[in-house]
Amino acid sequence: MIGVDEAQALCLDLVTPTDALDVVPLVAAHTRVMRRAPRAFRAQPPFASAAMDGYAVRDAEVAVGASFEVVGEAAAGHGWDGTLSPGQALRIFTGAPVPAGADHVVIQEDVLREGGRITLQPNLGSGPNVRPAGADFPADFELEAPRRLSPSDLALLAAMNIPEVIVARRPRVALLATGDELVLPGQTPGRDQIIASNVFALKAMVDAAGGEAIILPIAPDREDALAAAMAEMLKADIAVTIGGASVGDHDLVGRVGERLGLERAFYKLAMRPGKPLIAGSLGAVPYLGLPGNPVSAIVTGHLFLVPMVKRWLGLEDVQPKRVSARLAQDVGPTGPRTHFMRARLDGDSVTPYARQDSSLLSVLSDANALLERPLGDRPRKAGEMVPVLPL
Ligand SMILES: Nc1nc2c(c(=O)[nH]1)N[C@H]1C(S)=C(S)[C@@H](COP(=O)(O)OP(=O)(O)OC[C@H]3O[C@@H](n4cnc5c(N)ncnc54)[C@H](O)[C@@H]3O)O[C@H]1N2
Ligand code: MOO
């Protein structure tokens, strides 16, 4: 069986970053992946501007007791066109262009004004209270791409006078739950049935990663019906089945996939939970066959599906973040599979849950991290540093 790192690399290899692009206005661009680096063509601020309300003067003339004649006024949006001469001051407000000849704004609290003159007072601050032109960004500034646009990115793009951005289209990710035992929430389950659950977590994860998950009708454990349902996924950008991946008589996904031209990249990996994962191409569509156990499906979704969505969008840094944390308690040795233990991360202290069965959604919901225990690892003591994946 292959290891987790190799499996992650093979899954990414299945995906080509899309060249399907959308042009969207800034108001619709939050979390979209910007693919072209836009250029500002205008510095910010575009002129030296006052950082405080007060009086613009020459820095060389600033001294306690110095006195100036006030010759005019500048406010934000309303500059003053002249040039200050020695001995002159300009009344100025925050955001106004600093006039030629001035390079210091004395704040009004440091000034005594009498009629048309000001005198600088003993508590004089140091200044200069002037924001140079281009202090935020220069005229040739480019915002690096690809990037997933944050709220601050949107403000920066607006300041650059960019009203719309070129972003990757969202990948359509088809999610197909399989199994005769499943019904949707709100339906009435039969005596031997349970509620399909993990598809809702996977949809939320895909959507949050920048994709557009489509939940297909549940497919039964019959070859022809499953083949028809899986054929629907050939229209998607990424295809995902859930369940039926293991070795049981009713685990049909691999076999049916092959009828539809599935080329496997791998089947099974040394990971707990998630061993019976299938990865490959279904026709031309990147495909994952996730195991059905809810925790297995969600953990493999986190480690393999979400990075595939991000790669499709054109992002480079796609793997889940790992941090280092201190074990809060002793843990035993691991077996032949890397164990992603459901855990609680508090500050830099990590505690695995006692119950680790891959059916336990209540434990996963309480968890906020996965404690990664490499395969064949020795017992570890409380206080040792270990890798952790925040959820
Ligand atoms: N003899 C062996 N049996 C099993 C092995 C093995 O190696 N040899 N592997 C086990 C492991 S590990 C896993 S994980 C499961 C995965 O099996 P499948 O992918 O075939 O999943 P199913 O059998 O369809 O379902 C497993 C379990 O999860 C429930 N399920 C399925 N889909 C959903 C859903 N959408 N929402 C909620 N719950 C779901 C299903 O009812 C089963 O209880 O196989 C082990 N067996
Ligand atoms: O690998 Mo299974 O996912 O342990 O339950």
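All figures in this text were calculated on a predicted structure; none of them were measured in a lab.

Cut-offs used in this document
Residues numbered from 1 in each chain as written. Chains lettered and ligands numbered in written order. Predicted model: local features only at pLDDT ≥ 70, side-chain atom pairs only at ≥ 80, totals over all residues. Helix = DSSP H or I, 4+ residues; strand = E, 2+ residues; numbered from the N terminus. Rg over C-alpha atoms; globule rule 2.2 N^0.38 Å. Buried ≥ 20, exposed ≤ 12 C-beta atoms within 10 Å, placed from the backbone. Contact = placed C-beta atoms within 7 Å. Domains from an automatic or database assignment. UniProt positions renumbered as here; feature names shortened; annotations may be inferred. Near = placed C-beta within 6 Å. Nonpolar A, V, L, I, M, F, W, Y, C, P; charged D, E, K, R; others polar. Core = buried A, V, L, I, M, F, W, Y, C linked by C-beta atoms within 7 Å. Pairing = 2+ DSSP bridges. Axes fitted to C-alpha atoms, helices over the stretch in contact; angles between N-to-C directions. Parallel < 35°, antiparallel > 145°, perpendicular 65-115°, else oblique. Left-handed = near helix turned anticlockwise from the far one by under 90°.

## Comments concerning the overall build of the protein chain
Part 1 of the reasoning: Along the protein chain, the regular secondary structure elements total seven helices and 26 strands.
Part 2 of the reasoning: Since a compact globule built from 391 residues should have a radius of gyration of about 21 Å, the 31 Å found for the protein chain marks it as more spread out than a globular shape.
Part 3 of the reasoning: Along the three orthogonal principal directions, the C-alpha set of the protein chain runs to about 95 × 50 × 40 Å.
Part 4 of the reasoning: The proportion of buried residues among the 391 residues of the protein chain is 38%.
Part 5 of the reasoning: Across the protein chain, contacts joining residues at least 24 apart in sequence account for 70% of those joining residues at least 6 apart.

## Re the domain arrangement of the protein chain
Part 1 of the reasoning: Annotation of the protein chain at the domain level lists domain 1 (4-18 + 169-313), domain 2 (21-44 + 136-168), domain 3 (49-131) and domain 4 (323-390).
Part 2 of the reasoning: Just the C-alpha atoms count here: the centres of domain 1 and domain 3 sit 67 Å apart.

## Focus on the UniProt feature "domain: MoaB/Mog" (unreviewed entry) in the protein chain
Part 1 of the reasoning: Mapped onto this numbering, the UniProt entry gives "domain: MoaB/Mog" (unreviewed entry) at residues 174-311.
Part 2 of the reasoning: Taken end to end, residues 174-311 is 33% helix and 26% strand, and its first and last C-alpha atoms sit 17 Å apart.

## A look at the site of ligand 2
Part 1 of the reasoning: Around ligand 2, the neighbouring residues are Arg272, Pro273, Gly274, Lys275, Pro291, Asn293, Ser296 and Ser358.
Part 2 of the reasoning: A per-class count over the shell around ligand 2 returns two nonpolar, four polar and two charged.

## Quick word on the nonpolar core
Part 1 of the reasoning: Counting 78 residues, the largest nonpolar core has Leu176, Val240 and Val309 as its most contacted members.
Part 2 of the reasoning: Of the residues forming this core, the biggest block, twelve residues, is contributed by helix H6 (residues 294-313).
Part 3 of the reasoning: If we ignore the near neighbours within four places in the chain, the residues touching Val309 are Pro171, Val173, Val206, Ala209, Gly210, Gly211 and Ile238.
Part 4 of the reasoning: Listed in part, the 20 residues of the second largest apolar core include Trp80, Ala89, Ala96 and Val98.

## Overview of the sheet that holds strand E13 (residues 172-177)
Part 1 of the reasoning: Taken in spatial order, the six strands of this open sheet run E16-E13-E17-E21-E20-E18, and their pairing is mixed. Of all strands in the sheet, those bounded by a partner on one side alone are strand E16 (212-215) and strand E18 (262-267). Between one strand axis and the next, the sheet turns by 20° as a mean value, whatever way the strands run.
Part 2 of the reasoning: Across five bridges, the pairing between strand E20 (residues 278-282) and strand E21 (residues 285-290) is antiparallel. Across the sheet, the residue bridging to Gly280 is Tyr287, located in E21.
Part 3 of the reasoning: Lying over the sheet, helix H3 (residues 198-208) contacts E13, E16 and strand E17 (238-242), oriented at roughly 160° with respect to E16.

## Digging into the pairing of strand E22 (residues 323-327)
Part 1 of the reasoning: Two elements, E22 and strand E26 (residues 385-390), share four bridges in a ladder whose sense is antiparallel. Note on E26: the bridge partner recorded for Ser324 is Pro387.
Part 2 of the reasoning: Pairing between E22 and strand E24 (residues 349-352): two bridges, direction parallel. By the bridge assignment for E24, Arg326 is matched with Ser349.

## Describing the site of ligand 1
Part 1 of the reasoning: The environment of ligand 1 is made up of 26 residues, and the closest members are Gly243, Ala245, Ser246, Pro291 and Gly292.
Part 2 of the reasoning: Every element with two or more residues in the shell around ligand 1 is listed here: H3 and H6.

## Focus: the packing of H3 against H6
Part 1 of the reasoning: Axis separation between H3 and H6 bottoms out at 10 Å; the angle between their running directions is 20°. By the angle class used here, H3 and H6 are roughly parallel. As H3 runs across H6, the sense of the crossing is right-handed. Seen from H3, the contacting residues are Asn198, Ala201, Leu202, Met205 and Val206; seen from H6, they are Pro294, Ala297, Ile298, Gly301, His302, Leu305, Val306 and Val309.

## Re the packing of helix H1 (residues 4-13) against H6
Part 1 of the reasoning: Where H1 meets H6, the axes come as close as 9 Å, and the angle between the chain directions of the two elements is 35°. In terms of crossing hand, the pair formed by H1 and H6 is right-handed. Where H1 abuts H6, its residues Val4, Ala7, Gln8, Cys11 and Leu12 lie against Leu303, Phe304, Pro307, Met308 and Arg311.
Part 2 of the reasoning: In terms of residue class, the contact of H1 with H6 is built from eight nonpolar, one polar and one charged.

## Notes on the sheet that holds strand E7 (residues 104-107)
Part 1 of the reasoning: Read from one edge of the open sheet, six strands run E7-E4-E6-E5-E9-E8, paired in mixed fashion. In this open sheet, the two edge strands, each paired with only one partner strand, are E7 and strand E8 (111-114). Looking at each pair of strands side by side, their axes are set apart by 40° on average, direction ignored.
Part 2 of the reasoning: With three bridges joining them, strand E4 (residues 54-57) and strand E6 (residues 88-92) adopt antiparallel strand pairing. Among the inter-strand pairings, Ala56 is bridged to a residue of E6, identified as Leu90.

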